[in-house]
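Remarks on the overall topology
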Amino acid sequence: SGSKHPGPTAWIFSLQDIGLSLGVEVKLYNLIPEKSWEIDLKHMESLVDDKTACIIVNNPSNPCGSVFSKKHLQKIIAVASRQCVPILADEIYGDMVFEYGAFQALAPLSTNVPILSCGGLAKRWLVPGWRMGWILIHDRKEIFGKEIREGLVRLSQRILGPCTIVQGALDHLINRTPQHFYDNTINFIKSNADLCYNTLSAVPGLCPVRPAGAMYLMVGIDMEHFPEFESDVDFTERMISEQSVFCLPATCFEYPNYFRVVLTVPEEMMVEACRRIREFCLEHYQGGEAVQDLECDK
């Protein structure tokens, strides 16, 4: 947890910290970067016990930019079915994928596992400050019953959410936004993703994983070739101070030795940021010739 680090990194906290504040134990299953961040299903299933309330699946992914295949999603549902636990599916990036038809929602694939699908306006319509979202209940066998539904209603009433102006705009936003707005958004993010991936793939000591959706790209750091840095937090802090490039250390997401790049900046800024990241790495890279040592997803 980044909370162990003093000074500017003290704001970084773990999912376990959040769970503890709510009286909930959070168990983290592994992802496999070499398989475009697929879930390690054996590890995930090993964590389930009689106290497990649900399995959370984030697809498309923040921070990884991954989009799970239908086959992989069916395997996730099979785990949940064997273990008799529901799935909470965070699918807010479902409409932000680079290949048409690549996203598959979980709910249509399930015949018996109850699924709560989370969505909202923030990403597809680029209005994060509006704070408008929803949870769709998919429960063909009525397993949740009355109690879960009542609990979700109470949860939605914990805060006073979107104002009447936002609610009034909802119909127009969903039904009348022109298709070119969505297309332009996806094309812009994909262009930046390709630019960033191709550039950083050639940087010694870095190993980006090509994203398939969302707004992010994860970059692996071969820490052995940057011995002066203690961690990805230290690495990214120095990159800020020396190059004024801010990337989030993946320790924030419980996945050390990576950092996350946000792909929504103007193209000229992305080019400049990649140039500075390369300059930073060349300045600090140690351990032989400046060549790629990681087996990158190319």
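Taking an unreviewed UniProt entry as the reference, the protein is identified by name as Aminotransferase class I/classII large domain-containing protein belonging to Staurois parvus. The UniProt entry for the protein carries the following text under Sequence similarities (unreviewed entry): "Belongs to the class-I pyridoxal-phosphate-dependent aminotransferase family." Quoted verbatim from the Cofactor (unreviewed entry) field of UniProt, the annotation for the protein is "pyridoxal 5'-phosphate".

This part covers helix H7 (residues 232-243). Between its first and last C-alpha, H7 extends 16 Å over twelve residues, near the 16 Å set by a 1.5 Å rise per residue. Every buried residue of H7 is accounted for by Asp232, Val233, Asp234, Phe235, Thr236, Met239 and Gln243. Along its buried surface, H7 packs onto strand E7 (206-209), strand E8 (216-221), strand E9 (248-249), strand E10 (258-262) and helix H8 (267-284). Between the side-chain oxygen of the N-cap and the backbone nitrogen of valine 233 there are 3.3 Å, and the N-cap of H7 in question is serine 231.

In this section: a nonpolar patch on the surface. A surface patch of nonpolar side chains, amounting to about 250 Å² of accessible area, comprises Trp134, Leu136 and Ile174. Inspection of the secondary structure puts isoleucine 174 in helix H5 (residues 164-176).

The sheet built from four strands is open, its strands ordered E3-E4-E5-E6 with mixed pairing. Of all strands in the sheet, those bounded by a partner on one side alone are strand E3 (55-58) and strand E6 (133-138). Neighbour-to-neighbour, the strand axes of the sheet open up by a mean angle of 20 degrees, direction not taken into account. Examined bridge by bridge, strand E4 (residues 87-90) and strand E5 (residues 115-120) share four bridges and lie parallel to one another. Residue pairing across strands places alanine 89 opposite serine 117, the latter belonging to E5.

Let us look at the nonpolar core. Grouped together as the largest cluster of nonpolar side chains are 36 residues, with contacts concentrated most on Leu206, Phe235, Phe259 and Ile277. Listing elements by their share of this core, those giving two or more residues are helix H6 (179-201), E8, H7, E10 and H8. Of all hydrophobic cores here, the second largest spans 19 residues; its members include Leu41, Leu73, Val79 and Leu109.

With that out of the way, let us pick up the side chain of serine 66. Examined against the element boundaries, serine 66 turns out to sit in the loop between E3 and helix H3 (70-83). Classification of serine 66 as buried rests on a relative accessible area of 5%. The residues touching serine 66, leaving out its near neighbours within four places in the chain, are Ser36, Trp37, Asn59, Pro60 and Ser61.

A few words on the sheet that holds E9. The four strands are arranged E7-E8-E10-E9 in an open sheet whose pairing can be described as antiparallel. Each edge of the open sheet is held by one strand with a lone partner, namely E7 and E9. Of the pairings in the sheet, the one linking E7 to E8 comprises four bridges and is antiparallel in character. The residue of E8 that forms the bridge with proline 208 is valine 219. Contacts from H6 reach E7, E8 and E10 within the one sheet, and its direction differs from that of E7 by about 155 degrees.

Let's shift gears to empty space enclosed by the protein. All told, the structure shown has one cavity of 30 Å³ or more when counted by the stated rule. Considering the residues around the largest cavity, the lining is formed by Ala107, Ser110, Thr111, Asn112, Val113, Ile115, His138, Asp139, Arg140 and Lys141.

Two elements in contact, H6 and H8, have axes whose closest approach is 10 Å; the angle formed by their N-to-C orientations is 15 degrees. As judged from the angle between their axes, H6 and H8 are roughly parallel. Crossing angle aside, the handedness with which H6 passes H8 is right-handed. Here Phe188, Asn192, Leu195, Cys196, Thr199 and Leu200 of H6 lie close against H8, whose contacting residues are Glu267, Met270, Val271, Cys274 and Ile277. Class assignment for the residues of the contact of H6 with H8 results in eight nonpolar, two polar and one charged.

What follows concerns the packing of aromatic side chains. Aromatic rings considered in pairs are described by the distance between their centres and by the relative angle of their planes. Tallied over the full model, the rule gives 13 aromatic pairs. Taken together, the ring pairs connect Phe226, Phe229, Phe235, Phe259, Phe280 and Tyr285 into an aromatic cluster. Taking the ring centre of tyrosine 182 as reference, the NZ or CZ of arginine 124 above it sits at 3.8 Å.

The tally for this structure, following the rule as stated, stands at 13 salt bridges. Residue aspartate 49 pairs with lysine 27 through a salt bridge whose shortest N-O separation is 2.8 Å. One end of the pair, aspartate 49, is in the loop between helix H2 (41-47) and E3; the other, lysine 27, is in the loop between helix H1 (15-21) and strand E1 (31-32), with 22 residues separating them in the sequence. In this structure, lysine 146 engages glutamate 150 in a salt bridge whose closest nitrogen and oxygen atoms are separated by 3.6 Å. Here lysine 146 and its partner glutamate 150 are both found in helix H4 (residues 145-156), four residues apart, which amounts to about one turn of the helix. Here glutamate 150 falls in the partly exposed class, since its relative accessible area comes to 36%. Look at the salt bridges and you will find they share partners, linking Glu272, Arg275, Arg276 and Glu279 into a network.

Rules and cut-offs
- Residues numbered from 1 in each chain as written.
- Predicted model: local features only at pLDDT ≥ 70, side-chain atom pairs only at ≥ 80, totals over all residues.
- Heavy atoms only, no water.
- UniProt positions renumbered as here; feature names shortened; annotations may be inferred.
- Helix = DSSP H or I, 4+ residues; strand = E, 2+ residues; numbered from the N terminus.
- Expected span 1.5 Å × (residues − 1).
- Buried < 20%, exposed > 50% of the residue type's maximum accessible area, 1.4 Å probe, protein only.
- Contact = heavy atoms within 4.5 Å.
- Polar contact = N/O pair within 3.5 Å; in protein donor to acceptor, adjacent residues only side chain to side chain.
- Patch = residues over 30% accessible without salt bridge, like charges linked within 9 Å, V, L, I, M, F, W, Y side chains within 5 Å.
- Areas by Shrake-Rupley, 256 points an atom, 1.4 Å probe, with all protein chains shown as cover.
- Salt bridge = Lys/Arg side-chain N within 4 Å of Asp/Glu carboxyl O.
- Pairing = 2+ DSSP bridges.
- Axes fitted to C-alpha atoms, helices over the stretch in contact; angles between N-to-C directions.
- Core = buried A, V, L, I, M, F, W, Y, C linked by side-chain atoms within 4.5 Å.
- 1 Å grid on protein atoms, 1.4 Å probe; cavity = no way out; pocket = protein on both sides within 12 Å on 5 of 7 lines; lining within 4 Å.
- Points joined across faces, edges and corners; volume = space filled by probe spheres on them.
- Parallel < 35°, antiparallel > 145°, perpendicular 65-115°, else oblique.
- Left-handed = near helix turned anticlockwise from the far one by under 90°.
- Nonpolar A, V, L, I, M, F, W, Y, C, P; charged D, E, K, R; others polar.
- Phe/Tyr/Trp six-rings, centres within 6.5 Å; stacked < 30°, edge-to-face > 60°.
- Lys NZ or Arg CZ within 6 Å of the ring centre and 35° of its normal.

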